[in-house]
Amino acid sequence: MDFSEFIGLLQEIFKVALSYFVSPSKRVFWLYLITSAIIAFVIFKASKTKGNFINYLFNRKVWLSTSAITDYLLILFNAIVKVVVLAPFFGFALYIAKSTEHFFVSKYGIVDTGFTNFQLILIYTILIVVLNDFITFILHYLMHKIPFLWEFHKVHHSARRLNPFTQYRIHPIELIINNLGEVFSKGILTGLFLFLAAGKISIITFLGVNILNFLFYFFGANLRHSHVKFKYFNFLEHILISPFQHQIHHSNNPAHYDTNLGSRFAFWDWMFGTLLTSKNVDKIGFGLGREEDNAYNTFSKNLITPFKNLPKAFFKKNT
Ligand SMILES: [Zn+2]
Ligand SMILES: [Zn+2]
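Attention in this report is confined to the structure presented alongside it. (Residues numbered from 1 in each chain as written. Chains lettered and ligands numbered in written order. Predicted model: local features only at pLDDT ≥ 70, side-chain atom pairs only at ≥ 80, totals over all residues.)

## Considerations on the overall build of the protein
Just so we agree on the cut-off: Strands here are runs of E lasting at least two residues and helices are runs of H or I lasting at least four, both read from the DSSP assignment and numbered beginning at the N terminus. Throughout, a pair of residues is in contact if the C-beta atoms placed from their backbones lie within 7 Å.
Assigned secondary structure in the protein consists of 14 helices and 2 strands. Restricting to contacts in the protein with at least 6 residues of sequence separation, those with at least 24 account for 74%.

Listed below in structure tokens is the structure:
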């Protein structure tokens, strides 16, 4: 690699890191950060919290904690992994979609489903979110239940303070696993609908984002990783995971471990017996618990400790 290639690579990495703020497909897109702040303001007022809202929202202990600095460094490191390792796979979803479509067409020919094009687009728009959420749930479930995967997923749970960027505090190995899961689920479903809609499929979007994802991001998704206790009423928390339910997922209280594994929908947790609603939980602290927190209190420890623990994890029985 010569110098100009190196500069090109640096630019690419910088672009990936910056895209988090300027791309509507990212949860920390500036507009979603603003709407989350507005919701936080409403909750702040409703809960009659004392003090100044700006100081409450931009609490230095949250945003500039060593935990938060580790989040930021992991985002930068993962941007490198995305450019160097994952970039070649991004075209792979399209390849899987085309291969899947080809497989069905060669088996069944062109079929008439009886649905109008709009109906197919509507079903596809919903299904792609539901299926992707289910795959995310299953992968997350396995990360908690299989000891060697848990070693990598601990990095997300080692955060002692939550801020919206904690969403991206994941070990590069988990980043790769999650991306591969998404490539396969999106690829296969898209291929199936390309077949059903005779190649003319699209998604209902807003700002270029699936409308359902847009709504999810717009209505406070950033508060999941925050100190703002945004809860839904109890029945809704059986359908949709509220921000506070994800905070429960990060709780360092063993009674809360392995609960609320869902991302958007709560009914997966309901079905798998891992649902815990807000009304059953009061105060929580974040992290892995006192004994383990120290093994993950720097950026480099978060990168290395999972590998150090691997041999032990391989010989441990599933929990
Ligand atoms: Zn988890
Ligand atoms: Zn989280």
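## A few points about helix α8 (residues 147–157)
The condition that has to hold: Labels follow a simple rule on C-beta atoms placed from the backbone: if 20 or more others lie within 10 Å of a residue's own, it is buried; if 12 or fewer, it is exposed; otherwise it is partly exposed.
With 9 of its 11 residues buried, α8 lies for the most part within the structure. Buried within α8 we find Leu-149, Trp-150, Glu-151, Phe-152, His-153, Lys-154, Val-155, His-156 and His-157. On its buried side, α8 packs onto α7 (117–145), α9 (172–196) and α14 (299–314).

## Some points on the nonpolar core
Here is the rule we go by: In plain words, the nonpolar core is the set of buried Ala, Val, Leu, Ile, Met, Phe, Trp, Tyr and Cys residues that C-beta atoms within 7 Å link up.
Of all hydrophobic cores here, the largest spans 10 residues; its members are Leu-74, Leu-139, Met-143, Leu-149, Trp-150, Phe-152, Val-155, Tyr-168, Ile-170 and Tyr-296. Where this core is concerned, the elements lending two or more residues are α7 and α8. A per-element tally of this core places α8 first, with 4 residues. Leaving out residues up to four positions away in the same chain, Phe-152 has contacts with His-171, Ile-173, Glu-174 and Pro-306.

## A word on the environment of Ile-39
Position of Ile-39 among the secondary structure elements: in helix α2 (residues 30–46). Taking the C-alpha atoms as reference points, Ile-39 and Leu-223, 184 residues apart in sequence, are found 8.7 Å from one another. In contact with Ile-39, not counting residues within four places along its chain, are Gly-220, Leu-223 and Phe-230.

## Points about α7
Threshold: A helix's residues, less one, multiplied by 1.5 Å, set its expected span.
With 29 residues, α7 should cover 42 Å at 1.5 Å per step; its first-to-last C-alpha distance of 41 Å lies within 8% of that length. Within α7, the full set of buried residues consists of Tyr-124, Asp-133, Thr-136, Phe-137, Leu-139, His-140 and Met-143. The secondary structure elements touched by the buried residues of α7 are α8, α9 and α12 (267–272).

## Overview of the packing of α7 against α8
Filter applied, for reference: Only C-alpha atoms enter the line fits that serve as axes; for helices the fit covers just the stretch in contact. Angles between N-to-C directions range over 0 to 180 degrees. If an angle is under 35 degrees, it is roughly parallel; if it is over 145, roughly antiparallel; if it lies from 65 to 115, roughly perpendicular; otherwise it is oblique. Following the grouping adopted for this structure description, the nonpolar residues are Ala, Val, Leu, Ile, Met, Phe, Trp, Tyr, Cys and Pro, the charged ones are Asp, Glu, Lys and Arg, and the polar ones are all others, Gly among them.
As a packed pair, α7 and α8 sit with axes 6 Å apart at the nearest point and diverge in direction by 105°. Judged by the inter-axis angle, α7 sits roughly perpendicular to α8. For the pair α7 and α8, contact is made by Leu-142, Met-143 and His-144 and by Leu-149, Trp-150 and His-153, respectively. Split by residue class, the contact of α7 with α8 holds 4 nonpolar, 2 polar and no charged.

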